[in-house]
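Below, each chain spelled out in residue letters.
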2 protein chains.
Amino acid sequence: MSEAISQVEAYLERTATERMDEYQAFLRIPSISALSEHATDMRIAADWLADQMRDIGIEHVEVSATRGHPVVYGDWLRADGAPTILVYGHYDVQPVDPLELWVRPPFDPRVEDGRIYARGAADDKGQIHLHIWAARAWLETHGRLPVNVRYVFEGEEESGSVHFDEWLEANRHRLGADLAVISDSGFYQGNVPAITIGLRGLMYAQVDVTGPSQDLHSGTYGGNVQNPANALAAILAGLRAPDGSVVVPGFYDEVRDLSEQERAEFARLEFDEAGLAREIDVPALFGEPGFGVLERRGARPTLDVNGLWGGFQGEGSKTIIPAHAHAKVSCRLVPDMDPRRTFDRVRDHVLAIAPSGVRVDVQLISLGMWSLTGIDHPATRAAAKCLEDVFGQSPVYLREGGSIPAAASFGSMLGLPVVLLGFTPPDDHAHSPNEFMTLANYEGGIRTIARYWEALSTGLG
Amino acid sequence: MSEAISQVEAYLERTATERMDEYQAFLRIPSISALSEHATDMRIAADWLADQMRDIGIEHVEVSATRGHPVVYGDWLRADGAPTILVYGHYDVQPVDPLELWVRPPFDPRVEDGRIYARGAADDKGQIHLHIWAARAWLETHGRLPVNVRYVFEGEEESGSVHFDEWLEANRHRLGADLAVISDSGFYQGNVPAITIGLRGLMYAQVDVTGPSQDLHSGTYGGNVQNPANALAAILAGLRAPDGSVVVPGFYDEVRDLSEQERAEFARLEFDEAGLAREIDVPALFGEPGFGVLERRGARPTLDVNGLWGGFQGEGSKTIIPAHAHAKVSCRLVPDMDPRRTFDRVRDHVLAIAPSGVRVDVQLISLGMWSLTGIDHPATRAAAKCLEDVFGQSPVYLREGGSIPAAASFGSMLGLPVVLLGFTPPDDHAHSPNEFMTLANYEGGIRTIARYWEALSTGLG
């Protein structure tokens, strides 16, 4: 432990009570972004957060307007020559219903058995708060941070991040950085420290099949007209093999094979397949042969129909040949797939297998890049070392299946490597009643971040 | 021409003006069953029709309540030893919008160039009215009808016949007959007399594919869970071959091959395929190879998806794996298919090809029997002879693709052979602005029916 970190630790020891009071004060603000009756609370939470940041010496703090709830921005950029880190978290929380399932009131935090229970304790106010205190400990003990940091705390993560990219675009000029650290994730099962190093990308499209100019009577016309709904089914069925693998030509061409080391990392992770099947209530899991569940989730691409519709959907019967039928089709993408090229391939294949007698269109809806900050990346290695120093065990490396909007934006819009370094316990009940944060994880999180800034101060490789 | 028919003809000659006045009075009642503001008009039309029937000597006339608009019933059953004919028509009419496209007001009938223009002139008031006058001519000139007749005039045909089966069930006791004659169809193109001898049956089912207990995030779960929408597509695609033929095992086993004579009858009918494709705005017609359009419509079974739905159907994107997906699937049936057996086969096949990892259910929604009253059936032969005598050319024989609700009910509930003998010109603008009836067809219709009753008086073979 460096001398600097010793002083940081000592400071943190003696401020524990004040910190806990402040954490609870933050949790008392019911900042539910999805419910309009909490609009004032959202503003109160943003102001509270901005005040905290200003008080500890973070600079250029601003409650920055969006077309929805504000982003709280602040930075400290006086570490000449050191890297600049973009830190992301969100101060909004999920709604609390069903309220009757909460053992304690969701906005009246209670500390019991080493946990703090409240909505937002874990997701994500607790993790914002530990960042503030990591900075505070450095600033109070040394008057400086070891690195430059830009804090971006969003207010709409729990309601779709709909205005976040717009804000990023408008604020590009003050978002220059070398690395993005997102603290909105958690430890692996058993409360093992974890770093999320990979996220999948996305290609989202719509397939439109158009037949006759209006719905036709299936008696008068049935047998003589191509049916757009049958045609759509044939197209969708022609995209995947029965084993779930994708049969679009070239689909896997750029997919990077997993290295021995990567497979070993995946194999290290215990995973309860039967438990997952039970949780989502399916007879069994189903996926591409030859890969484990976590490999399929993190490192293999998919093709899923997200929705489909056409013709009669009511009760009983209506004997029509639908005039048109539609489907939303999306692919999760992994290194080194190119989202646009994947769209082109899917579109070309759909058009190639389209039945005759109908018109088929494929429109692109959105593209999102995958991200992967390798285990050997200096930012990952440094985070791993800090976690091990603080928590006494080396982290596991996760590759998640989804795209976190902020992570995707930081990766694709700002071109930053992204490390997802979060501290919540895996059973934290985020989005559910009785959400909690383990105090040991919270306190360890502060110490990990404090060390991480020091570790990164000499550069990113 | 029999002496009796000579007298009938003479009577019809001298009553032409009175008949036309009465026809127009009937057409002036705006009996639009689908619009609630016309409920009183519906009752007025039913009463008007019942009064006419009573006036000419039809017995047991009753405006018979249903849970919707009434059925007008009446009979004349004094032809001891002769067959009993059930005559069906409907006194309700279609709505008239777009009103601005009518050259003449829809409920103020005008006679021009041998046509009478008004809503309902053809479909179906004109055809009810010609039945009334065929009976009147017999009763006025001979005090009797050659056969026993039961008249059933429905008031909800244009709004789905929703209460008609209920009424039939409740009135079975007074519907005993040897033959049903439905006058709600018309002549073939070029105004060639036509008898519709066949209608297809129907099997209507719903396929439900159930996966996880709720929609799942396609990032977190994609690649590890069978997707119900993909599974539904695979099932639907597995029901038909690319050429449109049905691949459900045994599906065609009971399908009666067309005889040489039947194929010749179909071949006699001119049909403008390109015109149909233009009319419904498809690039080309599409159907089972080896059959003509009219054969596919009338004599070949189909399998169509009438609707499908599941997951996200909005604008933009939602990255879910849907919890469930559904489709309405129906088959048009031809002789000698058994509707229930067809359902069993489709269900068994769906379950056999159902992908793993989801639950698949197939529920029966409805069954309807096909009907075919052959060209050689005495009732068909007699109708053909009367048409030829009156119109100077032998009729063509049509097999329609749909099921007419009344015809299906008469066939399956009452077990009657059904002859569809209608007189409207093929371009009559039924359901559209400027509906009309050709007076020659109307007058010829009366004379055909008058002769038909005489022809059937000696029995049905």
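Since this is a predicted model, take the numbers as computed values, not measurements. (Residues numbered from 1 in each chain as written. Chains lettered and ligands numbered in written order. Predicted model: local features only at pLDDT ≥ 70, side-chain atom pairs only at ≥ 80, totals over all residues.)

Engineer: Can you lay out helix H14 (residues 439-456) of chain B for me, pointing to particular residues and giving the numbers?
Structural biologist: With 18 residues, H14 of chain B ought to run about 26 Å at 1.5 Å a step, and its terminal C-alpha atoms sit 26 Å apart, in line with that. Along H14 of chain B, 14 of the 18 residues are buried, which leaves the element largely enclosed by surrounding structure. (Helix = DSSP H or I, 4+ residues; strand = E, 2+ residues; numbered from the N terminus. Expected span 1.5 Å × (residues − 1). Buried ≥ 20, exposed ≤ 12 C-beta atoms within 10 Å, placed from the backbone.)

Engineer: Describe in detail the relation of the copies chain B and chain A, supporting the description with residues and values.
Structural biologist: Mapping chain B onto chain A is achieved by rotating through 179° and translating by 0.1 Å along the same axis, at an RMSD of 0.2 Å. The superposition operator between the copies reduces to a two-fold rotation axis. Taken as a fraction of all interface residues of chain B, those also at the interface in chain A reach 100%, which identifies the copy contact as same-surface. (Least-squares fit on C-alpha atoms with pLDDT ≥ 70 in both. Contact = placed C-beta atoms within 7 Å.)

Engineer: Residue-level account of the packing of helix H1 (residues 3-14) of chain A against helix H14 (residues 439-456) of chain A, with values.
Structural biologist: Residue and element names in this part refer to chain A. Two elements in contact, H1 and H14, have axes whose closest approach is 11 Å; the angle formed by their N-to-C orientations is 155°. The angle between H1 and H14 places the two elements in the roughly antiparallel class. Like other packed secondary-structure pairs, H1 and H14 cross with a definite hand, here right-handed. In this structure, H1 contributes Ala4, Ile5, Val8, Glu9 and Leu12 to the contact, and H14 contributes Ile446, Arg447, Ala450, Arg451 and Glu454. A class-by-class count of the residues in the contact of H1 with H14 yields six nonpolar, no polar and four charged. (Axes fitted to C-alpha atoms, helices over the stretch in contact; angles between N-to-C directions. Parallel < 35°, antiparallel > 145°, perpendicular 65-115°, else oblique. Left-handed = near helix turned anticlockwise from the far one by under 90°. Nonpolar A, V, L, I, M, F, W, Y, C, P; charged D, E, K, R; others polar.)

Engineer: Summarise the nonpolar core; cite the residues concerned and give the values.
Structural biologist: Judged by nonpolar contacts, the single largest core of 259 residues is most densely connected at Leu232 of chain A together with Leu232 of chain B. Setting aside its immediate chain neighbours within four residues, Leu232 of chain A contacts Val207, Val209, Leu308, Gly310, Ala325 and Ala327 of chain A. (Core = buried A, V, L, I, M, F, W, Y, C linked by C-beta atoms within 7 Å.)

Engineer: Residues and numbers for the interface of chain B and chain A, please.
Structural biologist: In this assembly, 68 residues from chain B lie in contact with 68 residues from chain A. If you tally residues by element for the side of chain B that touches chain A, the top one is strand S11 (residues 304-311) of chain B, at eight residues. For the side of chain B that touches chain A, the class distribution of residues is 28 nonpolar, 29 polar and eleven charged. Relative to S11 of chain B, strand S11 (residues 304-311) of chain A runs antiparallel, the two sharing five bridges. Paired with Gly311 of chain A across the bridge in S11 of chain B is Gly307 of chain B. (Pairing = 2+ DSSP bridges.)

Engineer: So what's going on with the sheet that holds strand S4 (residues 110-112) of chain A? Residues and values would help.
Structural biologist: Residues and elements named next belong to chain A. Spatial strand order, S4-S5-S18: three strands in an open sheet with antiparallel pairing. The two strands at the open ends of the sheet, each matched to only one other strand, are S4 and strand S18 (436-438). Neighbour-to-neighbour, the strand axes of the sheet open up by a mean angle of 25°, direction not taken into account. Examined bridge by bridge, S4 and strand S5 (residues 115-117) share three bridges and lie antiparallel to one another. Bridge assignment links Arg110 to a residue of S5, and that residue is Tyr117. Contacts from H14 reach S5 and S18, with the element oriented near 60° to S18.

Engineer: Summarise the domain arrangement of chain A; cite the residues concerned and give the values.
Structural biologist: All names here are of chain A. The domain architecture assigned to chain A consists of domain 1 (3-199 + 370-456) and domain 2 (201-255 + 301-368). For domain 1 and domain 2, the distance between their C-alpha centroids amounts to 40 Å. With six residues of domain 1 at the contact, the number on the domain 2 side is eight residues. Looking at the side of domain 1 that touches domain 2 residue by residue, the class counts come to three nonpolar, three polar and no charged. (Domains from an automatic or database assignment.)

Engineer: I'd love a proper account of the sheet that holds strand S5 (residues 115-117) of chain B, names of residues and values included.
Structural biologist: Residues and elements named next belong to chain B. Taking strand neighbours across the sheet as the criterion, the three strands line up as S4-S5-S18 in an open arrangement whose pairing is antiparallel. The open sheet terminates on both sides in strands that have one partner only, identified here as strand S4 (110-112) and strand S18 (436-438). With direction set aside, neighbouring strand axes in the sheet form an average angle of 25°. Lying on the sheet, H14 is in contact with S5 and S18; it crosses S18 at an angle near 60°.

Engineer: How would you summarise the environment of Val71 of chain A if you had to cite specific residues and measurements?
Structural biologist: All names here are of chain A. Here Val71 lies in strand S2 (residues 71-76). In the structure, Val71 is positioned 45 residues away from Phe26 in sequence and 16 Å away in space, judged by C-alpha atoms. With near-sequence residues (within four places) excluded, Val71 lies in contact with Ser64, Thr66, Val152, Phe153, Glu154, Gly155 and Trp167.

Engineer: I'd like to hear about the pairing of S2 of chain A, residue by residue, with values.
Structural biologist: Residues and elements named next belong to chain A. For S2, a buried count of six out of six residues is recorded, marking the element as mostly surrounded by other parts of the structure. Hairpin connection of strand S1 (residues 59-64) to S2: six residues between the antiparallel strands. Note that S2 and strand S6 (residues 148-154) share five bridges and pair antiparallel. Pairing of Tyr73 across the sheet is with Val152, part of S6.

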